[in-house]
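Reading the structure
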Amino acid sequence: RNLGLFGQWEGNLGKGLLLSGGLRYDHYFGSFGGTLNPRVAAIYSLTGTSTVKLLYGEAFRAPNPYERFYYTGSRTRTLQPERIRTEELVLEHYWGPAYRGTISLYQYDIKRLINQAATPAGDVYFENLDATHAIGGELEFEAKHASGLLARVSYAHQKAEDVGTGETLTNSPRSLAKLNLAWAAPRQVFSAGGELQFQSGLRTLAGARTGSAMVANLHVTSRRLVPGCELAITASNLFDRRYATPGAEEHAQDTLVQPGRLLWLKLTRKF
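Reading guide: rules and limits
Sequence order as written defines residue numbering, which begins from 1 separately in each chain. Reporting of local features is limited, given that this is a predicted model, to residues whose pLDDT is at least 70; pairs of side-chain atoms are given and counted only at 80 or more, and all residues count toward the totals for whole chains, interfaces and linings. Side-chain descriptors were evaluated using all non-hydrogen atoms of the structure, hydrogens and water having been removed beforehand. Every helix listed is a DSSP run of H or I at least four residues long, and every strand listed is a run of E at least two residues long, numbered separately from the N terminus. Only protein chains enter the area calculation, which uses a 1.4 Å probe; residues under 20% of their type maximum are buried, those over 50% are exposed, and those in between are partly exposed. In what follows, a contact means two residues having at least one pair of non-hydrogen atoms within 4.5 Å. Think of a polar contact as two N or O atoms within 3.5 Å of one another; within protein, one of them needs to be a possible hydrogen donor and the other a possible acceptor, and neighboring residues in sequence only count if both atoms come from side chains. Each aromatic pair joins two rings of Phe, Tyr and Trp (for Trp, the six-membered one) with centres within 6.5 Å, and gets the label stacked for planes under 30 degrees apart, edge-to-face for over 60, and tilted for any other angle.

Within the secondary structure, Val189 sits in the loop between strand 9 (175-184) and strand 10 (190-199). Judged by its relative accessible area of 34%, Val189 is partly exposed. For the pair Val189 and Thr221, spaced 32 residues apart in sequence, the C-alpha to C-alpha distance is 8.6 Å. With near-sequence residues (within four places) excluded, Val189 lies in contact with Thr221, Ser222, Arg223 and Arg224.

What follows is the structure, given as structure tokens:
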């Protein structure tokens, strides 16, 4: 059982300044108890098309049943929730109704990260062990056309490290780039969406690094091709690129090779 209470206040202070604040209390019975988390936003309109946002927030992630109960050693410990504190500065600009650009700078501080640990006998359990700090920035541009075409491109660069050791986090990329294209035909005859994702190399538990990866995905949906049915075709890793991601503590391998091209065909009939 858990209980959540949330309150929010929003006020227009005039001259283009909007203030918003929220406070949430959650209580998990039979677990770690209660947690209180605030959120505050100051939004200032520079012009009719440009906005600056200053955001602050705190949040939590409760330990899940797998982390609490799967391993015998975990049952003797009361895991605490992971906590994150975020600060972000955002500049957003519109060029008419069709084009939008965003620049954001941010930093995150996460405490009480839940990670696997082991006893001297080799019994695995989960414990609140680590704290991390991340700082980065992101650029995004979006364009919408009257024909139904949507295009979005973004690039993010960040540095995330362990507070205790100063080492770069495992499975945490420095750079991420995405290109998304989507189009919906008139009267929803069909819609199609594709994305191209680039990810820089990742640090593994053994201290090695995986190679960078660029993966393309495609999804096509039709609601009128077959009367009363929805037909969907999905292709992930469309160009069959070979890449790997870091393994976790329970894996024998330091890196895990990811699947090549996968195709799905789904037909949904509604009655």
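Another aspect to go through is the side chain of Glu58. As for its placement among the helices and strands, Glu58 is situated in strand 4 (residues 50-61). For Glu58, the side chain forms a polar contact with the side chain of Tyr56, separated by 2.5 Å. Side-chain polar atoms of Glu58 contact the side chain of Arg83, separated by 3.0 Å. Non-local contacts of Glu58, meaning those with residues more than four positions away in its chain, are made with Leu36, Asn37, Pro38, Arg39, Arg83, Ile84 and Arg85.

Our next topic: the packing of aromatic side chains. Within this structure, the stated rule accounts for eight aromatic pairs. Taking the centre distance of 6.2 Å and the plane angle of 15° together, the rings of Tyr99 and Phe141 count as stacked. Placement of Tyr99 in strand 6 (residues 99-118) and of Phe141 in strand 7 (residues 124-144) is noted, with a sequence separation of 42 residues between them. On the accessibility criterion, Tyr99 (41% relative accessible area) is partly exposed. Taking relative accessible area as the criterion, Phe141 reaches 35% and is therefore assigned partly exposed.

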